[in-house]
Amino acid sequence: MESPSLNELYTDSKTPLKLHLGCGGIAWKDFVNVDLFPFDPEKPDSSRSGCIADCYADMRSLKLPPNSVSEIFTSHTLEHFVKWEAIDMLSHWRELLVPGGFVTIETPDFVRCLFWLLHPLRSRRRLARNMFYGNQWDKIDFETHRYVWSSRELKRSLLGV
């Protein structure tokens with residue numbers, strides 16, 4: 001059975017949606033869990049534990065009308081896009097949000113990663129490198145990192161300034 005589209009879910013709910021974008025193997029209750037890629041057990045992917053999306057959609061271009069989303073949550077997805085693409089995506093999300101709606105983003109912080117690159121613990125230095133480059137070992141292009149945001153520039157981009 002094919003999964004419903006985001007627009008179908010919105011039309012059926014008749015209320016603004018709460019979106020968990022890039023859900024991978026983690027489903028959030030009371031959210032529509034969205035991912036672009038189904039999990040393929042034939043491809044090694046040590047970056048996520050399956051995919052349990054309610055529907056599949058590209059977070060760069062969510063096919064929803066303006067003012068149709070009350071909340072967006074995404075964790076460790078923004079760094080997988082080049083900066084201009086992410087800025088366009090954030091602008092698109094602002095159009096989808098109802099007045100008073102909000103976006104919560106968890107992503108590596110550029111300044112913290114710099115400090116961790118110089119950390120005395122080897123495990124922290126290795127983790128910092130992974131934050132800059134992402135999954136470079138499983139041969140899955142969408143798992144690599146393309147940009148690491150500072151909190152200041154991310155905030156400005158979210159606000160559209």
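Residues numbered from 1 in each chain as written. Predicted model: local features only at pLDDT ≥ 70, side-chain atom pairs only at ≥ 80, totals over all residues. Heavy atoms only, no water.

S.K.: Would you take a moment to explain a nonpolar patch on the surface for this structure?
M.R.: There is a patch of nonpolar side chains on the surface, built from Phe110, Val111, Leu114, Phe115, Leu117 and Leu118 and spanning about 570 Å² of accessible area. Position of Phe115 among the secondary structure elements: in helix H3 (residues 110–117). The exposed category is assigned to Phe115, whose relative accessible area is 60%. (Patch = residues over 30% accessible without salt bridge, like charges linked within 9 Å, V, L, I, M, F, W, Y side chains within 5 Å. Areas by Shrake-Rupley, 256 points an atom, 1.4 Å probe, with all protein chains shown as cover. Salt bridge = Lys/Arg side-chain N within 4 Å of Asp/Glu carboxyl O. Helix = DSSP H or I, 4+ residues; strand = E, 2+ residues; numbered from the N terminus. Buried < 20%, exposed > 50% of the residue type's maximum accessible area, 1.4 Å probe, protein only.)

S.K.: When you look at the nonpolar core in this model, what are you seeing that I'm missing?
M.R.: Most often, soluble globular proteins keep nonpolar side chains buried together rather than apart. The biggest cluster of nonpolar side chains holds 24 residues, and the ones touching the most others in it are Leu6, Leu19, Leu62 and Trp93. Among the elements of the structure, strand S1 (17–21), strand S2 (32–35), strand S4 (69–75), helix H2 (83–96) and strand S5 (97–106) are those that each provide at least two residues to this core. With five residues, H2 is the largest single contributor of residues to this core. Among residues more than four places away in sequence, those in contact with Leu62 are Leu6, Leu19, Leu21, Ala57, His92, Trp93 and Leu96. (Core = buried A, V, L, I, M, F, W, Y, C linked by side-chain atoms within 4.5 Å. Contact = heavy atoms within 4.5 Å.)

S.K.: How do you make sense of unusual backbone geometry when you look at a structure like this?
M.R.: The bulk of non-glycine residues show a negative phi, and the bulk of peptide bonds are trans. Even without being glycine, Lys14 reaches a positive phi, approximately 60°. Along the chain, Lys14 turns up in the loop between helix H1 (6–13) and S1. You can call Lys14 exposed: its relative accessible area is 72%.

S.K.: Help me understand helix H4 (residues 122–133), please; the structure alone is not making it clear to me.
M.R.: Because each turn of an α-helix spans 3.6 residues, side chains separated by three or four positions in sequence point in the same direction. The end-to-end C-alpha separation of H4 is 17 Å, in line with the 16 Å expected for twelve residues at 1.5 Å each. For H4, every residue scored as buried is listed here: Ala128, Met131 and Phe132. For H4, the arc enclosing every buried residue in end-on projection is 100°, short of the 170-degree limit, so these residues lie on one face. Turned more than 90 degrees from where H4 packs its buried face, Arg122 and Arg129 sit exposed. Among the structural elements, H3 are those in contact with the buried residues of H4. Looking at the residues trailing H4, positive phi occurs at Gly134, about 70°. (Expected span 1.5 Å × (residues − 1). Arc of directions from axis to C-beta.)

Note that every value here comes from positions in space, so none of it alone points to a role or purpose.
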